[in-house]
Amino acid sequence: MDDTKEPPDVMINSVNTGYRLYRRRFLGLIGLVLLNVITAMSWPWFGPISNNMVNEFGFTLDQVNWLGNIMAIVYIPAALGVPILVSRYGIRRCCDIAAVALLISAWIRYAGTAESLSTQHSYALVIIGQLFAAIAQPIYQVLGPKYSETWFDLKGRTTATMIVAIANPIGGAVGQLVSPLVGDTRQSILVLGILSTAVTPFIFLVGSVPPTPPTYAGSKPSPPLKSLLYAMLGLKTSPDAHMTPRERFDFVIVILIFGALAGGANSFAILTAQIMEPVGYTSDQSGFLGACLLLTGIVAAIVSAPLFDRVFTHHLAITSKILVPIVGAAWLSLIWAVKPHNLDGLFAIMTIIGVCSVTMLPVGLELGCELTRNANASSALLWVSCNLLGVVFVLAEGALRAGPDANPPFNMRRTLIFNGAIIMTCAASVLLLCGKQVRKERDEERLQGLQIQSTH
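No experiment lies behind these values; they were computed from the predicted model shown.

Would you mind going over the overall build of the chain with me for this structure?
The secondary structure content of the chain amounts to 15 helices and 2 strands. The C-alpha atoms of the chain give a radius of gyration of 23 Å, which matches the 23 Å a tight globule of 456 residues would have. Referenced to the eigenvectors of the C-alpha coordinate spread, the extents of the chain come out at roughly 80 × 50 × 40 Å. When each of the 456 residues of the chain is scored for burial, the buried share is 52%.

Here it is, written out as structure tokens:
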């Protein structure tokens, strides 16, 4: 390419390295964030209006709950399919597929609100709509680390991953807030359809690859999921995909911790009111506790991610060894903290959990990329572990609820013991983590080599 005639959106053109950054990467990031926010709304949308759906449509509460459960189940195979799609068709084509699924979900779901339909036919259409929404959500979520690797350099990669990662919990929180405020149930589902339709044009902001890559890692094609699975099992694969025994062991630890922390937080968000109300807290107070966890975590992630890009560039593993035991101990402390008249203490614990957990979200995703050199497949496996363990947590903790004769009735102390013990056990494994940032080292070596060549 002639360096004297740069495209108008080239932000940095380094003659010494041959790598480039493009301003359009920020437009793609905005598109991915908005798409993540809207697709995340479908999962919790029906929770706050579950009783209204029972009254207006004749569904049972179990049927309404399955509108969320179906997304958790379909998410797992859909997420595992994302690396295959990206390796064959690229980032942009994956976004197109997800957008089509999102549109189909929006209007099949709304078609189920027609008053002329029977209860069974109405429910069938609504749950089919949720199934298509479950295909769209993991595509945008899993793509985050790959997009940041493809379009951002070493000084912005972690920040870009963080921005996409926190868009999903923000969307879930907005969905829970908006769904009961926009009228009756039919109007609520219509609003979700309108939002889903309005966001689809943002896929045109997301590009597959820049004309010139920002780093060495960004120049490499997307390896398939099979490549990572072979490497994890120690089987023969390409030299770039090969993982040492130490890297395989570290990645298993990262999967375990990521799944436990994210899955535990998701299950707690679902069960917060059921945990808090038996010991005397109102539903509003329970909601504020959940909001405290999310909001403090988002602020901490926004502040910390640029530091990992520019200051603590080689300290992802050390950060994990500091934050993960703290968050494990905080979850364990809830066993004794969930008691009457301890709201201040609970807010303090929620702040600690939020700050440590949400900060670890982009750290875990980036560490997976560093260990595997496979942003798509590592992200897919990490998010699958989160959703799989989240389902296990919800089912197990619901079964541990005390009976009506307990003191207090229907308390969930055994749930807190289970939650704290599992998370603390998984968190303890972080002490065995080495977490060598191999991808970053290769990028830096290649960058230094090109700079040396350019001086001769």
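Still more to cover.
Please clarify how the nonpolar core should be interpreted in this entry.
Side chains that are nonpolar tend, in soluble globular proteins, to be buried together. Ranked by size, the top nonpolar core spans 112 residues in total, and within it F46, M53, L334, M350 and I353 carry the most contacts. Contact partners of F46, with chain neighbours within four places excluded, come to M53, V64, L67, R109, V126, Q130 and I189. In this structure, M162, I166, L294 and A301 belong to the second largest nonpolar core, which totals 7 residues.

Please explain the confidence of the model for the chain as it appears in this structure.
Should pLDDT be low for a region, the predicted coordinates there are not to be read in detail. Averaged over all residues, the pLDDT of the chain is 86; the fraction at 70 or higher stands at 95%. Predicted confidence for residues 1–6 stays below pLDDT 50, and this span has 10 contacts to residues more than four positions away or in other chains.

Please clarify how the packing of helix α3 (residues 61–111) against helix α13 (residues 375–399) should be interpreted in this entry.
In a packed pair of helices, the relevant descriptors are the angle between the two axes and the axis-to-axis distance. Direction vectors running N to C along α3 and α13 enclose 175°, while the axes themselves pass 9 Å from each other. By the criterion of interaxial angle, the relationship of α3 to α13 is roughly antiparallel. Of α13, the residues touching α3 (which contributes A72, Y75, I76, A79, L80, P83 and V86) are N376, A377, A380, L381, W383, V384, N387, L388 and V391. The residue makeup of the contact of α3 with α13, split by class, is 14 nonpolar, 2 polar and no charged.

How do you make sense of unusual backbone geometry when you look at a structure like this?
Residues apart from glycine generally show negative phi values, whereas peptide bonds are mostly found in trans. Here the amide bond leading from N407 into P408 is cis, since omega sits at -5°, within 30 degrees of zero. The topology assignment puts P408 in the loop between α13 and α14 (413–428). Located in the positive-phi region is H341, a residue other than glycine, with phi close to 60°. Position of H341 relative to the elements: it lies in the loop between α11 (316–337) and α12 (343–372). In this structure, F410 is a non-glycine residue whose phi angle is positive, near 60°. Position of F410 among the secondary structure elements: in the loop between α13 and α14. According to the relative accessible area criterion, F410 is partly exposed, its value standing at 43%.

Got a minute to help me understand the packing of aromatic side chains in this structure?
What the rule picks out here adds up to 9 aromatic pairs. Between the aromatic rings of F57 and F59, the centroid separation amounts to 5.3 Å while the plane-to-plane angle is 15°, which identifies the pairing as stacked. The class for F59 is buried, based on a relative accessible area of 2%. Judged by centre distance (6.0 Å) and plane angle (25°), the ring pair of Y147 and W151 falls under stacked. Taken together, the residues span about one helical turn, with Y147 and W151 both in helix α4 (residues 119–151) at a distance of 4 residues. Grouping residues by exposure puts Y147 and W151 together as buried.

Please explain the pattern of salt bridges as it appears in this structure.
Here the idea is simple: oppositely charged side chains can pair when their charged atoms come close. As enumerated under the stated definition, the model contains 9 salt bridges in all. Residue D250 pairs with R246 through a salt bridge whose shortest N-O separation is 2.6 Å. With D250 and R246 both in helix α9 (residues 245–276), this residue pair falls 4 residues apart, about one helical turn. Residue classification places R246 among the partly exposed positions, given a relative accessible area of 36%.

Can you walk me through the side chain of S105 in this structure?
Counting through the fold element by element, S105 comes out in helix α3. Residues within four places of S105 in sequence aside, it is in contact with G129, F132 and A133.

Help me out: how do you make sense of the environment of L433 in this one?
Within the secondary structure layout, L433 lies in the loop between α14 and α15 (438–454). Overall, L433 belongs to the buried group, its relative accessible area being 4%.

Mind showing me how you'd approach the environment of S385 here?
The topology assignment puts S385 in helix α13. The exposure class assigned to S385 is buried, which follows from its relative accessible area of 9%. Expressed as a C-alpha distance, the spacing of S385 and L235, which sit 150 residues apart in the sequence, is 22 Å. Sequence-distant contacts of S385, that is, excluding residues within four places in its chain, are made with I255, F258 and G259. A distance of 3.5 Å separates a polar side-chain atom of S385 from the backbone oxygen of I255. Within the structure, S385 has its side chain in polar contact with the backbone oxygen of L382 (distance 2.6 Å).

Which parts of the structure should I look at to understand the side chain of S196?
Take S196: it is sitting in helix α6 (residues 185–199). Taking the relative accessible area as the measure of exposure, S196 reaches 0% and is therefore buried. A polar side-chain atom of S196 sits 2.8 Å from the main-chain carbonyl oxygen of L192. Not counting the four nearest positions on each side in its chain, S196 is found in contact with I38, L102, L103, A106 and R109.

Sorry, what's going on with α12 here?
Each α-helix winds once per 3.6 residues, and so residues spaced three or four apart point in a common direction. Taking 1.5 Å of rise per residue, 30 residues should cover 44 Å, and α12 covers 43 Å from first to last C-alpha, within 8% of that figure. At L361, α12 is deflected by roughly 30°, the largest bend along its length, and proline P362 occurs up to four residues later in sequence. In the stretch just after α12, R373 is the one whose phi turns positive, near 55°.

Here is what the cut-offs are and how they apply
Residues numbered from 1 in each chain as written. Predicted model: local features only at pLDDT ≥ 70, side-chain atom pairs only at ≥ 80, totals over all residues. Heavy atoms only, no water. Helix = DSSP H or I, 4+ residues; strand = E, 2+ residues; numbered from the N terminus. Rg over C-alpha atoms; globule rule 2.2 N^0.38 Å. Buried < 20%, exposed > 50% of the residue type's maximum accessible area, 1.4 Å probe, protein only. Core = buried A, V, L, I, M, F, W, Y, C linked by side-chain atoms within 4.5 Å. Contact = heavy atoms within 4.5 Å. pLDDT = per-residue confidence, 0-100. Axes fitted to C-alpha atoms, helices over the stretch in contact; angles between N-to-C directions. Parallel < 35°, antiparallel > 145°, perpendicular 65-115°, else oblique. Nonpolar A, V, L, I, M, F, W, Y, C, P; charged D, E, K, R; others polar. Phe/Tyr/Trp six-rings, centres within 6.5 Å; stacked < 30°, edge-to-face > 60°. Salt bridge = Lys/Arg side-chain N within 4 Å of Asp/Glu carboxyl O. Polar contact = N/O pair within 3.5 Å; in protein donor to acceptor, adjacent residues only side chain to side chain. Expected span 1.5 Å × (residues − 1). Bend = angle between axes of the 7 residues up to and from the residue.

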